[in-house]
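This is what each chain is made of:
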Amino acid sequence: MGSILVFLDADCIVGKKWLENLTKPLILEGAFAAYGGSTDVEQTRWSSMEHRYEESTVEGYSKGGYTQMGDTKNLAVRKNVFEKLGGFDELFRFSGDTDFGLRLIDAGYKIRYVSGSEVQHHFKATLRRIIRDKFRHGFWGVKVYARHKKHLVIYGRVLHEVKLSAIFLLASILFFSAGIVITTGLATAFKLISTISTISSVFMLIGANHTTVPIIKHGLTDYNVYGLIHSAAWRCGALWYVLKNPKVWGKI
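Every value quoted in this text rests on a predicted model; they were computed, and no experiment measured them.

Colleague: Please clarify how the overall build of the chain should be interpreted in this entry.
Modeller: Helix and strand content of the chain: nine helices and nine strands. On the principal axes, the C-alpha backbone points of the chain span a range of 80 × 40 × 30 Å. A total of 252 residues make up the chain; the buried ones form 43% of that total. When contacts within the chain are restricted to residue pairs at least 6 apart in sequence, long-range pairs at least 24 apart make up 76% of them. When the accessible surface of the chain is split by element, carbon and sulfur atoms take 61% of a total near 13,900 Å².

Colleague: How do you make sense of the sheet that holds strand β4 (residues 38–40) when you look at a structure like this?
Modeller: The strands making up a sheet associate through hydrogen bonds between their backbones, and the pairing can be parallel or antiparallel. The three strands lie next to each other as β2-β9-β4, forming an open sheet whose pairing is mixed. One side of each edge strand has no neighbouring strand; the edge strands of this open sheet are β2 (12–13) and β4. Summarising the sheet, β2 and strand β9 (residues 119–121) pair through two bridges and their orientation is antiparallel. Its bridge partner being in β9, C12 is matched across the sheet by H121.

Colleague: Help me out: how do you make sense of the sheet that holds strand β3 (residues 33–35) in this one?
Modeller: One open sheet holds the six strands; their spatial order is β1-β7-β3-β8-β6-β5, and the pairing between them is mixed. Both edges of this open sheet fall to β1 (4–8) and β5 (62–63), since each of them pairs with a single strand only.

Colleague: Before we go on, may I ask you to explain the environment of R235 in this structure?
Modeller: Among the structural elements, R235 can be located in helix α9 (residues 222–244). Using a relative accessible area of 1% as the deciding quantity, one classes R235 as buried. Once residues within four sequence positions are removed from consideration, R235 is found in contact with V158, E161, V162, M204, L205, I206, G207 and H210. A polar contact is formed between the side chain of R235 and the backbone oxygen of M204, at a distance of 2.8 Å.

Colleague: Could you clarify how one ought to interpret the pattern of salt bridges in this entry?
Modeller: By the definition in use, this model includes nine salt bridges. With its nearest N and O atoms 2.7 Å apart, the salt bridge here joins D71 to K73. With respect to class, D71 is no different from K73; both count as buried. The partner of D99 in a salt bridge is R103, and the shortest N-O contact between them spans 2.9 Å. Linking D99 with R103, this pair stays in helix α4 (residues 96–106), spanning four residues, or about one helical turn.

Colleague: Can you walk me through the nonpolar core in this structure?
Modeller: Proteins that are soluble and globular tend to have nonpolar side chains buried together. Counting 20 residues, the largest nonpolar core has V142, L159, V162, A238, V248 and I252 as its most contacted members. Looking at this core, the elements with two or more residues in it are α5 (127–147), α6 (153–181) and α9.

Colleague: Would you explain the environment of F88 in this entry?
Modeller: Turning to its location among the elements, F88 is positioned in the loop between α3 (79–84) and α4. The sequence separation of F88 and R78 amounts to ten residues, and the corresponding C-alpha distance is 14 Å. Here F88 is in contact with F7, T72, F82, G96, D97, F100 and R103, once residues within four sequence places are set aside.

Colleague: Got a minute to help me understand the packing of aromatic side chains in this structure?
Modeller: By convention here, two paired aromatic rings are described through the distance between centres and the angle between planes. Tallying each qualifying case throughout the model produces twelve aromatic pairs. Aromatic side chains F7 and F88 sit 5.3 Å apart centroid to centroid with 75° between the ring planes, which places their arrangement in the edge-to-face category. Residue F7 is found in strand β1, and its partner F88 is found in the loop between α3 and α4; the two are separated by 81 residues along the sequence. Judged by relative accessible area, which is 25%, F88 ranks as partly exposed. Site record: aromatic cluster; members linked through ring pairs are F7, F82, F88 and F100. Across the ring face of Y66, the terminal group of K110 is positioned such that the distance to the ring centre comes to 5.0 Å. We note R112 situated over the ring of Y66; from NZ or CZ to the ring centre the distance is 5.8 Å.

What counts and what doesn't
Note that residues are indexed from 1 along each chain, following the sequence as it is written. For this predicted model, a pLDDT threshold of at least 70 governs which residues receive local features, and a threshold of 80 or more governs which side-chain atom pairs are given and counted, while totals over whole chains, interfaces and linings are taken from all residues. Excluded from the side-chain calculation are hydrogens and water; included are all heavy atoms of the structure. Numbered from the N terminus, helices here are DSSP runs of H or I no shorter than four residues, and strands are runs of E no shorter than two. Exposure classes here rest on a 1.4 Å probe applied to the protein chains alone. A residue is buried below 20% of its type maximum, exposed above 50%, and partly exposed in between. By definition in these notes, contact holds between two residues if any of their heavy atoms fall within 4.5 Å. Accessible surface is estimated by sampling points in the Shrake-Rupley manner with a 1.4 Å probe; for residues, cover comes only from the protein chains shown. DSSP calls a pair of strands paired once it identifies at least 2 bridges connecting them. N or O atoms closer than or at 3.5 Å make up a polar contact, with two conditions inside protein: a donor-capable atom paired with an acceptor-capable one, and, for residues adjacent in sequence, both atoms drawn from side chains. Every case where a carboxyl oxygen of Asp or Glu lies within 4 Å of a side-chain nitrogen of Lys or Arg is listed as a salt bridge. Residues enter a nonpolar core if they are buried and are Ala, Val, Leu, Ile, Met, Phe, Trp, Tyr or Cys, with the set joined through side-chain atoms within 4.5 Å. Stacked, tilted and edge-to-face are the three classes assigned to paired rings of Phe, Tyr and Trp, where Trp is represented by its six-membered ring and a pair needs centres within 6.5 Å; plane angles under 30 degrees give stacked, over 60 edge-to-face, the rest tilted. Any Lys NZ or Arg CZ that is within 6 Å of a ring centre and within 35 degrees of that ring's normal is treated as a charge sitting over the ring.

Below, the structure written as structure tokens:
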């Protein structure tokens, strides 16, 4: 049995020296895990945006030749370490590799980022698929954040806005209901408050504070539009998780 486990997604193609390059830090340098990244094959409008986002995410969570990424599309890890940590948590239908990567770090291990061992990723992105996948990642992202708060500060900021959007949404429903029931002059005021609360909820839910500013500055570029769609879908997924699991409310 091998002492190193290597993970690769079914929609990825590897180069001739991919395995050698990816596992070199584990074999020659004593590293415990390594991640190689990916390049875009399709080069379609949406797949290009998706890979550009992935690259920025890897850069954001990488420093000094190491990364927090545990993406299974291109990952190598020592078998004894994988087994010691219990492998992937089967409670996660999505983002289980992110959870595993952060558990590696919490256990004192590091993940080497290996340039030159990228795989070619056939991600046939469509608008519908991006919305679906980001919604799912947002849904399970809440669970990841509840377990790994100290590593996911950005998640915390986003989820704070998701909580505010839920509060504003609830307020809009209550005030609108009151405006229908009450026949006095207060009805108009309640409906006005409800409208403001609804707008505030949408503002928070699409992350308008950081997604619309680039659009205002640079126009409706593909990447700015992608960022808005990504943000809204992720936050909607996170909101759905919170609504379905009220007990997690105090953990985010």
